[in-house]
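# Structural description and commentary
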Amino acid sequence: MATIRLGDIAPNFIAQSTEGEINFHEWLGDSWGILFSHPADYTPVCTTELGTVAKYKPEFDKRNVKVVALSVDGLSSHKGWINDINETQNTTVNFPIIADEDGNVSELYDMIHPNSDSKLTVRSVFIIGADKKVKLMIIYPASTGRNFDELLRVIDSLQLTAYHKVATPANWNSGDDCVVSPSIATEDISAIFPKGYKEIKPYLRMTPQPDLN
Ligand code: BEZ
């Protein structure tokens, strides 16, 4: 297992999923992607997480992001559990769940942490750009369900900053002012950001979000 770092190409793999065999890079195509692992099927927090992702799917689609879940449980377990998720979370699971029974993908992505449990995947999240590079990694413990609003917020920031010379400040949400990239000289800001800017300090220049009308 090689350590994955931000900016690395997300390792490719072929795996069985509830929606058939997935060749990860081919499946991603030109989309962004989220690969997220959960400890085990038929567990309470994971049930709420996967139900939430199913409800948020239109938001991921809007951002051109494909979502795929993973655990080391098998396909028949996943399929049975999906019925429970649909029933209890009042939704329809609408994304693939990888059955990583041999631990191949978990190993590639370092999703098994022996200090947590040597057999189960932790709650890892990998956001992958359209260039197949890893843009963000977050690891949560089994006891804490993920905040999928935060993942949408991060995707908005990642996609904005990939195409515009801005960064996003603390607690930023889409629509808020952005930080002008430190690499831009103050005398060049007006030409790049016609909506204007405010200089709070020479190193802290704010501008309206550039991709909004
Ligand atoms: C859960 O999803 O509820 C869970 C899974 C593993 C350990 C603890 C909680």
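You'll find the structure just up there.
Described in the following lines is the structure provided in the data block. Given the structure is predicted, the values throughout are model-derived calculations rather than measurements. Residue indices follow the written sequence of each chain, beginning from 1 at its first position. The predicted nature of this model means local features are confined to residues of pLDDT at least 70 and side-chain atom pairs, given and counted, to a pLDDT of 80 or more, with totals for whole chains, interfaces and linings taken over all residues. Computation of side-chain values: all heavy atoms of the structure, hydrogens and water removed.

### A word on the sheet that holds strand β10 (residues 198-201)
By definition, the strands of a sheet pair up through backbone hydrogen bonds, in either a parallel or an antiparallel sense. As summarised here, the arrangement of the four strands in space is β8-β9-β11-β10, forming an open sheet in which the pairing is antiparallel. For this open sheet the edge positions go to β8 (166-167) and β10, each flanked by a neighbour on one side alone. Two strands make a pair as long as DSSP finds a minimum of two bridges between them. Strands here are runs of E lasting at least two residues and helices are runs of H or I lasting at least four, both read from the DSSP assignment and numbered beginning at the N terminus. Across two bridges, strand β9 (residues 178-180) lies against strand β11 (residues 204-207) in antiparallel orientation. The residue bridging Cys 178 from the neighbouring strand is Thr 207, located in β11.

### Describing the packing of aromatic side chains
Centres within 6.5 Å are what make two rings of Phe, Tyr or Trp a pair, Trp counting through its six-membered ring; a difference in plane orientation under 30 degrees is then read as stacked, over 60 as edge-to-face, and the rest as tilted. Taken as a whole, this structure holds six aromatic pairs when the rule is applied. Arranged with centres 4.6 Å apart and planes meeting at 15°, the rings of Phe 13 and Phe 24 form a pair that is stacked. Remark: Phe 24 occurs in helix α1 (residues 24-28) and Phe 13 occurs in the segment before β1 (14-17); sequence separation between them is 11 residues. Ring centres of Phe 36 and Phe 95 lie 6.3 Å apart, and the angle between their planes is 45°; this geometry places the pair in the tilted category.

### Thoughts on the packing of helix α2 (residues 44-62) against helix α3 (residues 75-89)
To define axes, lines are fitted to C-alpha atoms, for helices over the stretch in contact only, and angles between the resulting N-to-C directions are given on a 0 to 180 degree scale. Running from N to C, α2 and α3 cross one another at 75°; their axes reach a closest spacing of 9 Å. When the interaxial angle is binned, α2 and α3 end up roughly perpendicular. Taken together, the residues of α3 that come into contact with α2 (itself represented by Cys 46, Thr 47, Thr 48, Leu 50, Gly 51 and Lys 55) are Trp 81, Ile 85, Thr 88 and Gln 89. Oblique is the label for any angle not covered by the other classes, which are roughly parallel (under 35 degrees), roughly antiparallel (over 145) and roughly perpendicular (65 to 115). Every residue pair with non-hydrogen atoms within 4.5 Å of one another is taken to be in contact.

### Points about α2
Between its first and last C-alpha atoms α2 spans 28 Å; for 19 residues at 1.5 Å apiece the expected length is 27 Å, and the two agree. Whether a residue is buried, partly exposed or exposed follows from its accessible area with a 1.4 Å probe, protein chains only, as a fraction of its type maximum: under 20%, in between, or over 50%, in that order. All buried positions along α2 are accounted for by Cys 46, Thr 47, Glu 49, Leu 50, Gly 51, Val 53, Ala 54 and Phe 60. Those residues of α2 hidden inside the fold are in contact with β3 (32-37), β4 (65-71), α3, β5 (97-99), β6 (123-128) and α5 (148-163). Of the residues trailing α2, Asn 64 is marked for its positive phi of about 60°. By this rule, a helix spans an expected 1.5 Å times one less than how many residues it contains.

### What about the pattern of salt bridges?
Just to be clear on terms, a salt bridge is a Lys or Arg side-chain nitrogen sitting within 4 Å of an Asp or Glu carboxyl oxygen. Throughout the structure, instances matching the rule amount to eight salt bridges. For Lys 135, the salt bridge is made with Asp 131, and the minimal N-O distance between the two is 3.0 Å. For Arg 153, the salt bridge is made with Glu 150, and the minimal N-O distance between the two is 2.7 Å. Here the residue Arg 153 and the residue Glu 150 both occupy positions in helix α5, the gap between them amounting to three residues, near one helical turn.

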